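Here is how the chains run, residue by residue.
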Amino acid sequence: MTQFRTLDDAGDLKGKRVLVRVDFNVPMDQGRVTDATRIKRVLPTLNELVEAGAKVILLAHFGRPKGKPVAAESLRPIAEATARELGRPVAFAEDCIGETAASAVAALKDGDVLMLENTRFHAGEEKNDKAFVEALAANGDVYVNEAFSAAHRAHASTEGLAHVLPAYAGRLMQAELDALTKGLEAPARPVVAIVGGSKVSTKIDLLKNLVAKVDALVIGGGMANTFLHAAGLSVGKSLCERDLASTAQAIIEAAREKNCAIILPVDGVVAEEFKAGAPHHTYGVDAIPDNGMILDIGGLSVDRISAAIDDAKTLVWNGPVGAFEIAPFDQGTVAAARHAAARTKAGQLVSVAGGGDTVAALNHAGVSADFTYISTAGGAFLEWLEGKPLPGVDALRRQA
């Protein structure tokens, strides 16, 4: 982690006002937090700061209030949920800047925790307005970013503050950056990537970036059908973006030039309708019936993926390789996930996965705890895979 400034570099924080940007854009129902996972993941950093005697000031957004206060998108219920998880009081201020925020900050004692109101209640947040950045910074001495999932946005509280206050990655951000460095920036080779999901159109940039960085690329899910179609094979009624055949061919050609092996399904589990328990049969990809839909990879394809994982030292995974939400079309994803998890547990593989469907699929397979790292960052994780700059991360880089 020498590439980024972390809390290890922050020195003595006793009595310091520490602005901590968290991502508490959590699921809510009738004013109550229904899933506190994002809150729980930052508790190590919050506890560390509290124990160091810092005055901890939480910055966060919730929803899309478009620069104006919206009562239904207040952070007050989230402050209450944070207090429950933290096991200590969390004060709340009804604004994130100005006299309201300043008075609440001034009332803090060493080790106290305060949450300021939704940063997106001000238009300056998403515009990364200089005056708004300075107004936020007036309440802090130090800035800590714990919101990797918002790091692809150059907003005032995710990027702007890092340029006007001493800035550090929190422990969650540090773990994320460490995992991503091991995944693609400085990986142990060979590196294998598994990319699944329904559509090529949403992952063109991702595929183009990966073929230049990995040794083998496994393509599964509905998007594999577009590649099979581009190779001249019939995919029946399967989901397929036929208009992207030339794009698929260009990606295959780019992979050939970069000496990246493309691994496509060789068989598929086929049904005539997409519903749980639908009658199904496994066919080779050169024999898909006209009235059939490929809904999962077959056993031979699972074997090919497992063999690629066996050869790898690093695995990066984004997207399921079948319609894992509905049995029995979850079996290919589950089998591949469990094989990767076993290799990871045996100390033979560094496995990094991310993306909403990916997390859900690995949870479904019961292997989330066995992967080296699972990112819940969504868009930021995808943009990192695509090779795009992440402003909130770049602002934490050490100066050469």
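Note that the coordinates shown come from a computational prediction; the quantities given were computed from them, not determined experimentally.

The rules we used
Residues numbered from 1 in each chain as written. Predicted model: local features only at pLDDT ≥ 70, side-chain atom pairs only at ≥ 80, totals over all residues. Heavy atoms only, no water. Pairing = 2+ DSSP bridges. Helix = DSSP H or I, 4+ residues; strand = E, 2+ residues; numbered from the N terminus. Axes fitted to C-alpha atoms, helices over the stretch in contact; angles between N-to-C directions. Contact = heavy atoms within 4.5 Å. UniProt positions renumbered as here; feature names shortened; annotations may be inferred. Buried < 20%, exposed > 50% of the residue type's maximum accessible area, 1.4 Å probe, protein only. Arc of directions from axis to C-beta.

A. Just the sheet that holds strand S13 (residues 280-284), in detail. Pairing within the open sheet is antiparallel, and its three strands lie in the order S13-S12-S14. Across the chains shown, the open sheet's two edge strands, defined by having one partner strand only, are S13 and strand S14 (293-297). Across the sheet, the mean angle from the axis of one strand to that of its neighbour is 40°, orientation sign disregarded. As defined by bridge partners, strand S12 (residues 267-271) adjoins S13 across five bridges and the pair is classed as antiparallel. Residue pairing in the sheet places Ala-271 in a bridge with His-280 of S13. Contacts from helix H11 (residues 299-311) reach S12 and S14 within the one sheet, and its direction differs from that of S14 by about 40°.

B. Molecular detail of the UniProt feature "binding site: substrate" (unreviewed entry) in the chain. Taken from the UniProt record, the annotation "binding site: substrate" (unreviewed entry) applies to Asp-23, Phe-24, Asn-25, Arg-38, His-61, Phe-62, Gly-63, Arg-64, Arg-120 and Arg-153. With respect to the helices and strands, Arg-64 occurs in the loop between strand S4 (55-59) and helix H3 (76-86). Note on Arg-153: relative accessible area 38%, which makes it partly exposed. The residues touching Arg-153, leaving out its near neighbours within four places in the chain, are Thr-158, Glu-159 and Pro-391.

C. The sheet that holds strand S10 (residues 216-219), seen in detail. Across the sheet, six strands lie side by side as S11-S10-S9-S15-S16-S17; this open sheet has parallel pairing. The open sheet has two edge strands with one neighbour each: strand S11 (261-263) and strand S17 (373-375). Going across the sheet, the axis of each strand differs from the next one's by a mean of 15°, ignoring polarity. Taken together, the three bridges between S10 and S11 define a ladder with parallel strand orientation. In the strand pairing of S11, Ala-216 is matched with Ala-261. Across the sheet, helix H7 (residues 171-185) is in contact with strand S9 (191-195), strand S15 (314-318), strand S16 (350-354) and S17; its angle to S17 comes to roughly 110°.

D. Highlighting helix H2 (residues 43-51). Those residues of H2 that sit buried are Leu-43, Thr-45, Leu-46, Leu-49 and Val-50. All buried residues of H2 lie within an arc of 165° about the axis, which places them on one face of the element. The inward-facing, buried residues of H2 contact strand S1 (17-21), helix H1 (37-41), S4, H3, strand S6 (113-116) and H7. Just downstream of H2, Gly-53 is the residue with a positive phi angle, here 85°.

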